[in-house]
Amino acid sequence: MSETTAATTVPYASPASRAGNPYVSEPQDYDAILLAGFGGPEGQDDVIPFLRNVTRGRGIPDERLEEVATHYRHFGGVSPINDQNRQLRAALEAEMRRRGMTHPVYWGNRNWDPYLEDVVREAAAAGHHRILAVATSAYSSYSSCRQYREDFARALESTGLQETVTIDKVRQFFDTPGFVEPFAEGLRTALAEVTAEGHDPEQIRVLFATHSIPSADALRSGPEELNLGEGGAYAAQHRAVAERIFSDLRADGADGAEATWELVYQSRSGSPSTPWLEPDVCDRIAELPAENVTAVLIVPLGFLSDHMEVLWDLDEEALEAAAEAGLRAIRTPTPGSHPRFVAGLVDLIEERIAARPPAQRPSLTELGPWYDVCRPGCCENARLGFKPAAAGCAP
Ligand SMILES: CC1=C(CCC(=O)O)c2cc3nc(cc4[nH]c(cc5[nH]c(cc1n2)c(C)c5CCC(=O)O)c(CCC(=O)O)c4C)C(CCC(=O)O)=C3C
Ligand SMILES: [Fe+2]
């Protein structure tokens, strides 16, 4: 299995592109779309096998798995994530049909049924060989980009389809309007609500929450040559989006828009001796009363839908921390199947099929538009090192 499933069709960097930003310069004849999800258990008996799938070879302590299993057990062993992705798949298909696009839209998961490899086999059996994937993950890092690409490569290899099927992937979409606007809308509503209740901007703290990852992975997120400092592309992308949301709210004179915001992390796992991105959302909430804060708004900026990381780690744990701290608290919505988000994903599919140049691609921060095609070392896992990945290109 080679690193370069797309190397024959994807030139490395066109002179017309932003320096070092490989994008596809020829229109692409994709014949199927693949919505690639994380996967989640759908009953009590699925919980442990699912957790083993997720943590295979990752050195997550047993106590942590036991602990996470109780979150799923609390909801009957069912994560809502699969239903959310079923809805998203149907919404994508409907929007594509509305635009006259006839590609079949498959859905497959990294960690639970329907598994990527079964779906790839099904697509190939139906005669589809040029697949364009949309992963349910907006930012750059091992967990949020490369691991999806490695699992595509593994699916192609285990099905023996690596010579006949290619899987490419649309760019990371953290700063596209379809992804950002549903968050901005939810925050605007929540700011207006706490303002109407009498909280002044200096008493309101907005916490943009995302998944913590090992600091070493964060440092290696994005292309090697970008060098975005501590936290890497992963943290820089989140900060850039949060900043843009706030500058737009302030420019509009929105209620409460003079509040302060911070980027915080959640759902840390791994060994306590390994550094992960901080501060933790609950730790920060506990400190806020001493900073004269009376209302906290939690924006789940790292997530696409209200899956377990949101329902448990934010709606149970973070909201409880806020109650203990005596704070008014609101957790704002995720994009889910918001029509604007769905339309934005179809825009991404269209721009890739048409090979639009970067200047014609929507992007709300100076970091974007992000790369279509990842370079070999992009988002590599700091500890596990090289594994073959699809949707990449040769040096
Ligand atoms: C960056 C990131 C995203 C966002 C990008 C994306 O969405 O892809 C994400 C999403 C998700 N993470 C999820 C669930 C889990 N993540 C775990 C473990 C880990 N996540 C990590 C990172 C991320 N995770 C990391 C570095 C680990 C440590 C192990 C490893 O290095 O791989 C574990 C193991 C137990 C634990 O340690 O918590 C579970 C059960 C679910 C499904 C929720 C549901 O079922 O509704 C979703 C959407
Ligand atoms: Fe995770």
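With an unreviewed UniProt entry as reference, the protein is termed Coproporphyrin III ferrochelatase, source organism Citricoccus muralis. The record in UniProt for the protein states the following under Catalytic activity (unreviewed entry): "Fe-coproporphyrin III + 2 H(+) = coproporphyrin III + Fe(2+)".

(A) Summary view of the nonpolar core. In terms of nonpolar packing, the biggest core is built from 106 residues, with Val296 and Leu297 touching the most fellow members. Sorting elements by how many residues they give to this core places helix H8 (residues 232-251) first, with ten residues. Counting contributing residues, this core receives three or more from each of domain 1 (32-173 + 338-360) and domain 2 (177-331). Setting aside chain neighbours within four positions, we find Val296 in contact with Arg205, Leu207, Ile285, Leu288, Ala322, Leu327 and Ala329.

(B) A look at the site of ligand 1. Taken together, 25 residues lie around ligand 1, and Gly40, Ser79, Ser269, His307 and Met308 are the ones closest in. Elements with a contribution of two residues or more to the shell around ligand 1: helix H1 (47-55), helix H2 (62-74), helix H5 (142-158) and helix H10 (308-324). The element that contributes the greatest number of residues to the shell around ligand 1 is H1, accounting for three residues. Tallied by class, the residues present in the shell around ligand 1 amount to eight nonpolar, 14 polar and three charged. Two domains each donate at least three residues to the shell around ligand 1, and these are domain 1 (32-173 + 338-360) and domain 2 (177-331).

(C) A look at the sheet that holds strand E7 (residues 295-299). Strands sit in the order E6-E5-E7-E8 across an open sheet of four strands; the sheet is parallel. Because the sheet does not close on itself, it has two edges, and the strands there are strand E6 (260-266) and strand E8 (328-331). For this sheet, the mean angle separating the axes of adjacent strands, direction not counted, is 25°. The sheet contacts of H8 involve strand E5 (204-211) and E6, and relative to E6 the element is tilted by about 145°. On top of the sheet, H10 reaches E5, E6, E7 and E8; it is set at about 170° to E8, its chief contact.

(D) Geometry of the UniProt feature "binding site: Fe(2+)" (unreviewed entry) in the protein. This chain's UniProt record puts "binding site: Fe(2+)" (unreviewed entry) on His211 and Glu309. A compact arrangement is adopted by the annotated residues: their sequence extent is 99 residues, whereas the largest C-alpha distance between any two is 8.2 Å. The residue His211 is located in strand E5 in this model. If we ignore the near neighbours within four places in the chain, the residues touching His211 are Gln266, Ser267, Gly302 and Glu309.

(E) Just the pairing of E8, in detail. Here E8 shows a buried face lined by Ala329 and Arg331 and an unburied face lined by Arg328 and Ile330. Across four bridges, the pairing between E7 and E8 is parallel. If you follow Ala295 over to E8, its bridge partner there is Arg328. For the crossover that starts at E7, traverses H10 and ends in the parallel E8, the hand is right-handed.

(F) Main features of the sheet that holds strand E2 (residues 105-109). One open sheet accounts for four strands, arranged E2-E1-E3-E4; its pairing is parallel. Two strands close off the open sheet at either side, each with one partner strand: E2 and strand E4 (166-169). Each adjacent strand pair in this sheet contributes to an overall mean axis angle of 30°, direction not counted. Pairing between strand E3 (residues 130-135) and E4: four bridges, direction parallel. Paired with Ala133 across the strands is Lys169, a residue of E4.

(G) Broad picture of unusual backbone geometry. Of note, the bond from Glu278 into Pro279 is cis; its omega dihedral lies within 30 degrees of zero at 5°. Here Pro279 lies in the loop between E6 and helix H9 (281-287). With an omega of -5°, the peptide bond between Gly368 and Pro369 qualifies as cis. Residue position: Pro369 is located in the segment after helix H11 (339-353). We note that Ala355 has phi near 55°; this positive angle belongs to a residue other than glycine. Structurally, the position occupied by Ala355 is in the segment after H11.

(H) Quick peek at the environment of Cys374. Mapping Cys374 onto the fold places it in the segment after H11. The exposure class assigned to Cys374 is buried, which follows from the 27 C-beta atoms found within 10 Å. In the structure, Cys374 is positioned 298 residues away from Gly76 in sequence and 39 Å away in space, judged by C-alpha atoms. With residues near it in sequence (within four places) discarded, Cys374 still touches Arg149, Cys379, Ala391 and Gly392.

Cut-offs applied
- Numbering of residues begins from 1 in every chain and follows the order in which that chain's sequence is written.
- Whichever chain is written first is A, and whichever ligand is written first is 1; the rest continue in order.
- Given that the model is predicted, a residue must reach a pLDDT of at least 70 before its local features are reported, and side-chain atom pairs must reach 80 or more before they are shown or counted; all residues, however, enter totals for whole chains, interfaces and linings.
- UniProt positions are given in the numbering used here, feature names are shortened, and annotations may be inferred rather than shown by experiment.
- Think of a nonpolar core as buried Ala, Val, Leu, Ile, Met, Phe, Trp, Tyr and Cys residues, each tied to the set through C-beta atoms within 7 Å.
- Residues are called buried when their C-beta atom has 20 or more other C-beta atoms within 10 Å, exposed when it has 12 or fewer, and partly exposed otherwise; all C-beta atoms are positioned from the backbone.
- Strands here mean DSSP runs of E at least two residues long; helices mean DSSP runs of H or I at least four residues long; both are numbered from the N terminus.
- Those domain boundaries reflect an automatic or database domain assignment.
- Here contacts are defined at the residue level, using C-beta atoms placed from the backbone and a cut-off of 7 Å between them.
- In this entry, near means the residue's backbone-placed C-beta atom lies within 6 Å of the molecule or strand.
- Here the term charged refers only to Asp, Glu, Lys and Arg, the term nonpolar to Ala, Val, Leu, Ile, Met, Phe, Trp, Tyr, Cys and Pro, and the term polar to all other amino acids, Gly among them.
- When DSSP locates at least two bridges between a pair of strands, those strands are taken to pair.
- Each axis is a line fitted through C-alpha atoms, and for a helix only the stretch in contact is used; angles between axes span 0 to 180 degrees, taken between their N-to-C directions.
- We call a crossover right-handed when, viewed with the strands running away from us, the connection from the first strand over the helix to the second turns clockwise.

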